[in-house]
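Close look at the chain arrangement
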Amino acid sequence: MGLLCIWALPVLLGASVSVCWLTEGRRSMDTANRPENPSQGPQTRKSGHADGVADPFHSGSDGGPCRRTYCGRGRQCVLLEVTGRAECVCQEKCRPTFVPVCGSDGRFYENHCEVYRTACLQKRRIYVVHSKDCFFKGDPCTMAEYNKLKSMLLDMQPNGLTGGDRNTLRDMDQKRALVDTMFKYLDMDQDGRLGSDELAQISMKEHLEDSLLECTMQDLLRYDDYNNDGHLTLHEFYTAFQVVQLSLAEDQRMSISTVTVGLSTVLSCAIQGTLRPPIIWKRNGIILNFLDLEDINDFGDDGSLYITKVTTIHMGNYSCHAYGYEELCQTHVLQVNVPPVILVYPETQAQEPGVSASLHCHADGIPDPKILWLKNGMDLQPRPAKQLSLIANGSELHIGSVRYEDTGAYTCIAKNEVGVDEDISSLFVEDSARKTLANILWREEGLSVGNMFYVFSDEGITVLQPSECEIRKHIEHTERIVASYEEMCPKSEGVSPQHCSWSSAVSVRDKYIYVTQPLQKRLLLIDTQAQKVVQAVETDPFPVKLLYDKSHDQVWVLSWGSMEKSHPTLQVIPQASVGEVHHTIRTPFQRVDDFFIPPTNLIITHVRFGFVFLKSEPAVHKIDLETFHRVKTISLKTYSCVPVSMAYTHLSGFYFIQCQSQSRDPSSAQPQLLIDSVTDTVIGPNLNITGQPYVSPNGRYIVTPDQQSGKVRVQTVSFQGVLGLSRELDTSLLVSDLVFQPSFTESNQYTVVAASGSGMDLVFSDLASGHSEVLKSLKEPLSPHTWPWGGANRVVVSSGLFGQYLVTPSAKSLFVLNGKQKTPHCEVSDIKRGNTVVWVGEV
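Below you will find a few notes about this structure. (Residues numbered from 1 in each chain as written. Predicted model: local features only at pLDDT ≥ 70, side-chain atom pairs only at ≥ 80, totals over all residues. Heavy atoms only, no water.)

Moving on, we get to the overall build of the chain. When its secondary structure is counted, the chain shows 7 helices and 57 strands. With 843 residues in all, the chain has 53% of them scored as buried. Taking contacts inside the chain between residues at least 6 apart in sequence as the whole, the part at least 24 apart equals 53%. (Helix = DSSP H or I, 4+ residues; strand = E, 2+ residues; numbered from the N terminus. Buried < 20%, exposed > 50% of the residue type's maximum accessible area, 1.4 Å probe, protein only. Contact = heavy atoms within 4.5 Å.)

For the rest of this paragraph, the subject is the packing of aromatic side chains. Within the structure shown, the criterion is met by 13 aromatic pairs. Between Tyr 146 and Tyr 223 the ring centres are 5.2 Å apart and the planes differ by 80°, which places this aromatic pair in the edge-to-face class. Highlighted residues: Tyr 146 in helix 2 (residues 143-155) and Tyr 223 in helix 5 (residues 218-224), separated in sequence by 77 residues. For the pair Tyr 146 and Tyr 223, a shared accessibility class is recorded, and that class is buried. Here the aromatic residues Phe 183, Phe 237 and Phe 241 are joined through ring pairs into a cluster of three or more. Across the ring face of Phe 241, the terminal group of Lys 150 is positioned such that the distance to the ring centre comes to 5.9 Å. (Phe/Tyr/Trp six-rings, centres within 6.5 Å; stacked < 30°, edge-to-face > 60°. Lys NZ or Arg CZ within 6 Å of the ring centre and 35° of its normal.)

On to the pairing of strand 3 (residues 75-79), then. When strand 3 meets strand 4 (residues 86-90), the two strands line up antiparallel, connected through 5 bridges. Bridge pairing in strand 4 links Cys 77 to Cys 88. Joining the antiparallel neighbours strand 3 and strand 4 is a turn of 6 residues, in which Gly 84 adopts a positive phi near 75°. (Pairing = 2+ DSSP bridges.)

Our next topic: the state of the cysteines. When the sulfur atoms of two cysteines share a covalent bond, that bond is a disulfide. All told, the structure shown has 10 disulfides when counted by the stated rule. A sulfur-sulfur distance of 1.9 Å marks the disulfide that ties Cys 141 to Cys 215. Every disulfide takes its handedness from the sign of the S-S torsion; for Cys 141 and Cys 215 that torsion is 105°, giving right-handed. Residue Cys 141 is located in the loop between strand 7 (128-129) and helix 2, and its partner Cys 215 is located in the loop between helix 4 (196-205) and helix 5; the two are separated by 74 residues in the primary sequence. Assessed through its relative accessible area of 5%, Cys 215 is described here as buried. What pairs with Cys 641 in a disulfide is Cys 659, and their sulfur atoms sit 2.0 Å apart. Here Cys 641 and Cys 659 share a disulfide; its torsion about the S-S bond, -100°, makes the bridge left-handed. Placement of Cys 641 in the loop between strand 40 (630-635) and strand 41 (643-649) and of Cys 659 in strand 42 (residues 654-659) is noted, with a sequence separation of 18 residues between them. On the basis of relative accessible area, Cys 641 is assigned to the buried category, the value being 0%. Residue classification places Cys 659 among the buried positions, given a relative accessible area of 7%. (Disulfide = S-S within 2.5 Å.)

So, on to the pattern of salt bridges. Opposite charge on two side chains allows them to pair when their charged atoms are near. One pass over the full model with this rule turns up 21 salt bridges. Salt-bridge contacts for Asp 219 lead to Arg 222; the nearest nitrogen and oxygen are separated by 3.8 Å. In this pair, Asp 219 and Arg 222 are both assigned in helix 5, 3 residues apart and thus about one turn of the helix distant. Relative accessible area serves as the criterion here: at 8%, Asp 219 is assigned to the buried category. Where salt bridges share partners, they join Asp 364, Asp 368 and Arg 700 into one cluster. (Salt bridge = Lys/Arg side-chain N within 4 Å of Asp/Glu carboxyl O.)

Moving on to the nonpolar core. Counting residues in each nonpolar core, the largest one holds 81 residues, and the members touching the most others are Phe 237, Phe 241, Trp 281, Tyr 318 and Val 620. Per-element tally for this core: the top contributor is helix 3 (residues 169-186), with 6 residues. In this structure, Ile 461, Cys 489, Ile 526 and Val 840 belong to the second largest nonpolar core, which totals 19 residues. (Core = buried A, V, L, I, M, F, W, Y, C linked by side-chain atoms within 4.5 Å.)

Turning next to the sheet that holds strand 37 (residues 592-596). Pairing in this open sheet of 4 strands is antiparallel, and the strands run 37-38-39-40 from one edge to the other. Strand pairing shows two members of the sheet lacking a second neighbour, strand 37 and strand 40, which therefore form its edges. Put simply, the sheet's adjacent strands are angled 25° from each other on average, direction ignored. Looking at chain direction, strand 37 and strand 38 (residues 609-614) are connected through 4 bridges and run antiparallel. Each bridged residue has a counterpart across the sheet, and for Phe 595 the counterpart in strand 38 is Val 612. (Axes fitted to C-alpha atoms, helices over the stretch in contact; angles between N-to-C directions.)

When you line up the elements, Asn 289 lands in the loop between strand 13 (286-287) and strand 14 (296-297). Of note is the side chain of Asn 289, whose polar atom sits 2.9 Å from the backbone oxygen of Ile 279. A polar contact is formed between the side chain of Asn 289 and the backbone nitrogen of Trp 281, at a distance of 2.7 Å. (Polar contact = N/O pair within 3.5 Å; in protein donor to acceptor, adjacent residues only side chain to side chain.)

Let us now look at the sheet that holds strand 53 (residues 797-798). Taken in spatial order, the 4 strands line up as 53-54-55-56 in an open sheet, and their pairing is antiparallel. Both outer strands of the open sheet, strand 53 and strand 56 (823-829), are each paired with one neighbouring strand and no more.

This part is about the side chain of Ser 645. By the secondary structure assignment, Ser 645 is in strand 41. Among the polar contacts made by the side chain of Ser 645, one reaches the side chain of Gln 658 at a distance of 2.7 Å.

Take helix 2 next. Spanning 13 residues, helix 2 covers 18 Å between terminal C-alpha atoms, matching the ideal 18 Å at 1.5 Å per step. All buried positions along helix 2 are accounted for by Met 143, Glu 145, Tyr 146, Leu 149, Lys 150, Ser 151, Leu 153 and Leu 154. (Expected span 1.5 Å × (residues − 1).)

Purely geometric numbers; function is a separate question.
The structure is reproduced here in structure tokens:
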């Protein structure tokens, strides 16, 4: 627990009072920026900075003496010109902020910094006195009496403020005009300064000494002459009567900042003025100042916001305003740039003369990287279009008819404003009679093991090579598990005839496939090199969903306990890609309805947290994926939202939550909710969008099909973190499943492929243009009642980042689709209920 302090600024009080409440995980504003010892917090400050707290973002990068010198509060480090040594001296000045405090010497100070600066200059100990009575004890002119005096002075002025005065800019302008009039009246010689004689004359003229007050006009000098020069200036008069003057230049109302991922940044609030209250920072309408965040802090008295180790989730809009003055607000737009990260495919290939060859290079970064190719370190020389061409902004290098001289190392280079990345794809052109090691690896190992669809159906497992529509292997349901006499699909009680029952499968680093058998309360482990079932792993009854956490090499297993979902549990298989014997670990979560783990990509390679939904509970529970412990609970009760599914974009860090529908009436469906991952706070509804959200691999598109209305809405996230509605796709498909396929004509773009859960249609929609094409007559899908495991009753599965083929099952066959041409490629018959499909690729 800590103290949350807000400086209350009474309208008629000559000094402010700090009001504190208990709050979780936050120190008081007095002490939040005070280093406990030289080893904690920022320690040093370059010469010229105006406070005693070091600034880790502006310290010298040369590692000079001041970098290692801690001077303490009220002092600053300077370098002696002669010796170059560091020396601590009293601060020249403090930042002009007004957070008044009372010193132990019986004086008011404008802020903490002035207390410690004065102590340094006078070479004596002065500390902050935390009492509103301060040095007034024993004096007849107490704070209360002084307040009465100033109230009387204000009331004596014409057109005074009404009792309904509010702390707004408009009311403060009125008050400022009132105090201006008062100062002008008191300043008899019009020299801009009020002296003791002038105050005495006014007191006699207005017969103020006849009042019953314990304070006199001379007390204005005693308590509000901050520089002790015997006069009151208009600025000091403003301070005495708490006239807040704030300003923000018109050209600074919007500020755009750009920072490279991994670095730190400072957002400075441009609101200036006399008696400026503390600055309040918001993100997505959520106040940041009092949150205990790891990476965002509001250090010091300058009102700046410090973000350490910036990531893409930090991009977006931040606003600042002075406490109590929200009408005057500055907006900061933060863009986070990311150096390019690329992936080439294939790393090595061997081709015979006369055939075509393609080399692919996928690059991700912010801004979008530009791609160029080298051959053996030299720029590629242009050739006739059909012989050598660059497709999709250079992300594909296509050679129409390879020759022996095309053999070489092709380097893909991706550049943007903040970095460069490169990788090599090698091409060997040889005839079949001169097989080399590269040729053997490409033709024999690559084609026989990788780039296959594994289809799990009633009859067993079918390994399908899509380009040739060739069944490479069929594992019968009677085949026995390696090192076991048990059949792969033993006959279940009450099930006749014998057939396999599957519900979910995942590929683990293209080395293993894990697939659930809900009726057998187990999952099977398939070695993709040997193409054999090598182990059965026992689970809790009715395992129905698998998800692979690549960051921690874990497979998560959701089991229902029964067909009625009576005892759902969540288990984890650690070290899923290594070892020979695998087992499950039960997590502490009970009544689990579903779970969500954000995916990784080229930019986001590690995920730390996941989420668990509990039955009928309006909340999501954030969990640590390494320890399996609950980190926090985010309540959705305010919105009466019981979560059904989640999606996530690393751009600005939005979570999208689908809420359970209250009825079958489409008009009563609840909109999605948005959660800000920086603050773990619900932002509010995602417009009026309802349905299950899907996010593209690069995080830039959010596609939501609404199964009740048939609408498919597309949202985009800009590089400034702004979420906006892009378009509504031209389709009325009741979507069962949806995947994103990289565009074959434009880099960093995607085509959405959506399958119908009730009809025979499938739709290709280009997200950049919105153009849609419909494939018809793909036969009827499985009926929902014959697929009781939840999720899609007709899946659609793509062949990875560089593949052009997709598969989607009907009730009794399997369709292979050519995504590049948006046409059916072939139909594989006699595959019944093949609704569990996994792609095993080389990358």
